[in-house]
Amino acid sequence: MWAILSGIEGNLTAYEAVLRDLKRQSVEIEALYILGDILGLQGPVEALLERLQSPQGGERTPQICAGFWEDQYLQMQGWGGGQPEAALSQYGSNVLMELEKRVPRSCLDWLRSLPFGFLELDCLLVHGSSVSVSDELSPQTPPWQLLDYLVRVEANFLFCGRLGQCFSVQLQNSQISSQVTTLDQPLIEQKATSSPRQIIGVGSVGRVSGLARYTLFYPTTGQIRCRTVEYAPNP
Amino acid sequence: MKIAVLSCIHGNYEALNAVLLDLEQHKAEKIYCLGDLVGYGPYPNAVVEMIRSLDIPTCQGCWDEDIVEGLNACECSYPSLLAEQRGKLAHEWTHERIYPEVRDYLAQLPLSLREGDLCFTHGSPQNQHEYLLPEMNAFAALERVLSTGANTLFCGHTHVPYVRTLEAGSIRLRVDYKGESGEETVFTTPLRRIVNVGSVGEPRHGRPNATYVLYDTETDHVQLREVEYDYQKTCAAIIEQGLPPIFAWRLARGLEFAERADDPSHICER
Ligand SMILES: [Zn+2]
Ligand SMILES: [Zn+2]
């Protein structure tokens with residue numbers, strides 16, 4: 001069984017609550033993924049980073065990819081060739097100062113080393129979409145767009161975290177006809193079908209104080225469970 | 001109204017003139033150009049000047065972008081390693097000869113243009129370097145059109161013309177959200193079309209003739225045009241001007257020698 005988390009956003013207490021919940025599971029956790037947004041506005045990051053890098057008694061070492069906040073922080077520090085415009089437009093002009101306060105400069109190299117995502121078995125695990133960390137996939141995203149994200153990487157499952165909510169969209173038995181005319185060949189008619197595929201929003205561990213959400217996934221059966229963990233937030 | 005859509009002129013002034021004559025004979029009232037004005041061919045400045053003097057609405061092609069941004073703009077500008085080696089030579093050649101005002105013009109070209117339910121772009125709406133090949137996954141192809149909001153997407157970049165109609169698509173979906181399991185719904189995809197207009201100056205459909213497209217907005221009819229011209233003139237100029245002779249050889253055969261994409265679906269994540 002895999003545990004898939006996203007959006008801790010500096011909330012160490014929420015992360016600890018999830019780890020405790022994982023220990024209570026009867027099935028062994030074979031992999032622990034964190035789909036970005038380790039950084040964020042919910043708390044200072046230093047202690048969290050230390051915790052992530054030093055798993056205790058039987059905990060899995062988390063596999064971490066970059067998220068929206070990591071991307072924006074790197075842009076802010078002059079990496080990535082852009083400006084942190086998305087953060088500014090979505091969270092206001094104070095956001096950079098607030099982020100700077102919570103993130104130690106010493107983690108810059110570590111942040112730069114984070115991968116864009118993971119492709120494991122027939123699963124793509126990313127923060128946003130297969131195209132960008134800033135894409136916010138949701139149940140409202142047009143189905144043809146969702147399907148395209150999966151088709152691009154030839155995956156059957158796409159796990160993402162940008163929305164910060166648990167959701168699942170199952171795309172079944174998709175089909176389409178296509179006709180191609182060229183200069184020389186006769187008309188080529190094709191019927192394309194697509195096997196069932198699924199987009200899963202894995203929830204957010206740290207965004208809502210007192211309520212952590214993450215996802216459990218059984219790769220052998222394809223079963224998905226959204227876990228909600230209540231905990232006492234820091235005063 | 002009859003619209004002519006051209007792409008990938010690649011500094012081939014002879015071919016451009018032949019196409020302009022042909023579309024005039026067919027009474028095209030408006031011309032759109034999908035970029036790649038420069039690269040490979042011997043007359044990049046003259047081609048740009050002609051396009052500008054005729055006020056032809058033009059999108060930025062992959063070559064136009066690379067000449068402006070420098071080759072480091074994208075490590076994956078070329079479909080294959082062999083294409084890359086040859087392309088680099090052509091890039092340097094073009095880079096050295098191009099006028100500053102031509103570079104400025106190429107720099108300000110838009111990535112796509114819209115007219116009514118038509119969208120014009122070089123590679124794909126998201127990226128000048130993406131190849132929309134006719135065999136691309138139909139759902140992925142449909143997404144490229146739907147993302148523009150247009151009914152018909154005109155593109156180039158592959159240098160081989162085709163028309164692809166996508167229809168009768170359906171996606172069954174079930175949504176679980178906020179703890180609730182939704183009903184199964186069926187999303188029907190609308191009829192959409194991709195028109196690849198081929199290449200004026202560097203065709204790869206197996207013959208040296210220039211290709212472009214005529215589109216009638218009233219009848220919705222697409223006509224793939226193939227125009228003969230004196231390609232030997234361009235071939236001679238390629239060699240005279242010191243460009244890699246392989247470009248002349250390739251032009252004379254209309255072959256995509258060394259240009260077959262290793263991974264056509266690859267997109268530069270810049
Ligand atoms: Zn081209
Ligand atoms: Zn191109």
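These figures come from a predicted structure and were not determined experimentally.

Caption draft 1: Representation of the sheet that holds strand β2 (residues 31-35) of chain A in the model. Residues and elements named next belong to chain A. One open sheet holds the 5 strands; their spatial order is β3-β2-β1-β10-β11, and the pairing between them is mixed. Looking at strand neighbours, the two that pair on one side only are β3 (63-65) and β11 (223-230), the edges of this open sheet. Direction aside, neighbouring strands of the sheet carry axes that sit 25° apart on average. Sheet topology note: the β2/β3 ladder contains 3 bridges and is parallel. Of the residues in β3, the one forming a bridge with Ile-34 is Ile-64.

Caption draft 2: Here's a closer look at the interface of chain B and chain A. In this complex, chain B contributes 38 residues to the contact, which on the side of chain A involves 35 residues. Between chain B and chain A, a total of about 3200 Å² is buried, with carbon and sulfur atoms accounting for 57% of that surface. On the surface where chain B and chain A come into contact, there are 2 salt bridges. Residue Asp148(A) is joined to Arg144(B) by a salt bridge in which the shortest nitrogen-to-oxygen separation is 2.9 Å. For the pair chain B and chain A, the interface holds 12 residue pairs in polar contact (both at pLDDT 80 or more). Listing elements by their share of the side of chain B that touches chain A, those giving two or more residues are α6 (138-146), β6 (162-177), β7 (180-189) and β10 (221-227) of chain B. Broken down by element, the side of chain B that touches chain A gets its largest block of residues, 16 residues, from β6(B). Each residue belonging to the side of chain B that touches chain A can be placed in one class, and the counts come to 18 nonpolar, 8 polar and 12 charged. Direction of pairing for strand β7 (residues 166-182) of chain A relative to β6(B): antiparallel, over a ladder of 13 bridges. Bridge assignment links Val180(A) to a residue of β6(B), and that residue is Arg164(B).

Caption draft 3: Highlighting the coordination of the zinc ion (ligand 2). Residue and element names in this part refer to chain B. Each protein donor to the zinc ion (ligand 2) is listed here as Asp-36 (OD), Cys-62 (SG), His-122 (NE2) and His-157 (ND1); together their distances run 2.1 to 2.4 Å. Taken together, the 4 donor atoms coordinating the zinc ion (ligand 2) and their angles of 89 to 158° define a geometry best described as irregular. Written as a sequence motif, the donor arrangement for the zinc ion (ligand 2) is D-x25-C-x59-H-x34-H. Between the zinc ion (ligand 2) and the zinc ion (ligand 1), a spacing of 3.4 Å is present, and a bridge between the two is formed by Asp-36. Residue Cys-62 is found in helix α3 (residues 62-69), and its partner His-122 is found in the loop between β4 (118-121) and α6; the two are separated by 60 residues along the sequence. As far as the burial class goes, Cys-62 and His-122 line up, both buried.

Caption draft 4: Structural context of the UniProt feature "coiled-coil region" (unreviewed entry) in chain A. Within this numbering scheme, the UniProt entry marks residues 5-32 of chain A as carrying the feature "coiled-coil region" (unreviewed entry). Between the first and last C-alpha atoms of residues 5-32 of chain A the distance is 8 Å; the span itself is 43% helix and 11% strand.

Caption draft 5: Seen up close, the packing of helix α7 (residues 231-240) of chain B against helix α8 (residues 246-253) of chain B. Residue and element names in this part refer to chain B. Where α7 contacts α8, the two axes come as close as 8 Å, and the packing angle between them is 170°. Considering their axes alone, α7 and α8 lie roughly antiparallel with respect to each other. Here α7 contributes Tyr-231, Thr-234, Cys-235, Ile-238 and Ile-239 to the contact with α8, which in turn contributes Phe-247, Ala-248, Leu-251 and Ala-252. A per-class count over the contact of α7 with α8 returns 8 nonpolar, 1 polar and no charged.

Caption draft 6: Broad picture of the environment of Ser195(A). Residue and element names in this part refer to chain A. Its place among the elements puts Ser-195 in the loop between β8 (188-194) and β9 (197-202). Its relative accessible area of 36% is what places Ser-195 among the partly exposed residues. Each C-alpha atom of the pair Ser-195 and Asn-234 lies 46 Å from the other, and the pair is 39 residues apart in sequence.

About the criteria used
Residues numbered from 1 in each chain as written. Chains lettered and ligands numbered in written order. Predicted model: local features only at pLDDT ≥ 70, side-chain atom pairs only at ≥ 80, totals over all residues. Heavy atoms only, no water. Pairing = 2+ DSSP bridges. Helix = DSSP H or I, 4+ residues; strand = E, 2+ residues; numbered from the N terminus. Axes fitted to C-alpha atoms, helices over the stretch in contact; angles between N-to-C directions. Contact = heavy atoms within 4.5 Å. Buried area = accessible area lost by both parts, 1.4 Å probe. Salt bridge = Lys/Arg side-chain N within 4 Å of Asp/Glu carboxyl O. Polar contact = N/O pair within 3.5 Å; in protein donor to acceptor, adjacent residues only side chain to side chain. Nonpolar A, V, L, I, M, F, W, Y, C, P; charged D, E, K, R; others polar. Donors = N, O, S within 2.8 Å, 3.2 Å for Na, K, Ca; no water. Tetrahedral: all angles 85-135°; square planar, octahedral: opposite > 155°, others 65-115°. Buried < 20%, exposed > 50% of the residue type's maximum accessible area, 1.4 Å probe, protein only. UniProt positions renumbered as here; feature names shortened; annotations may be inferred. Parallel < 35°, antiparallel > 145°, perpendicular 65-115°, else oblique.

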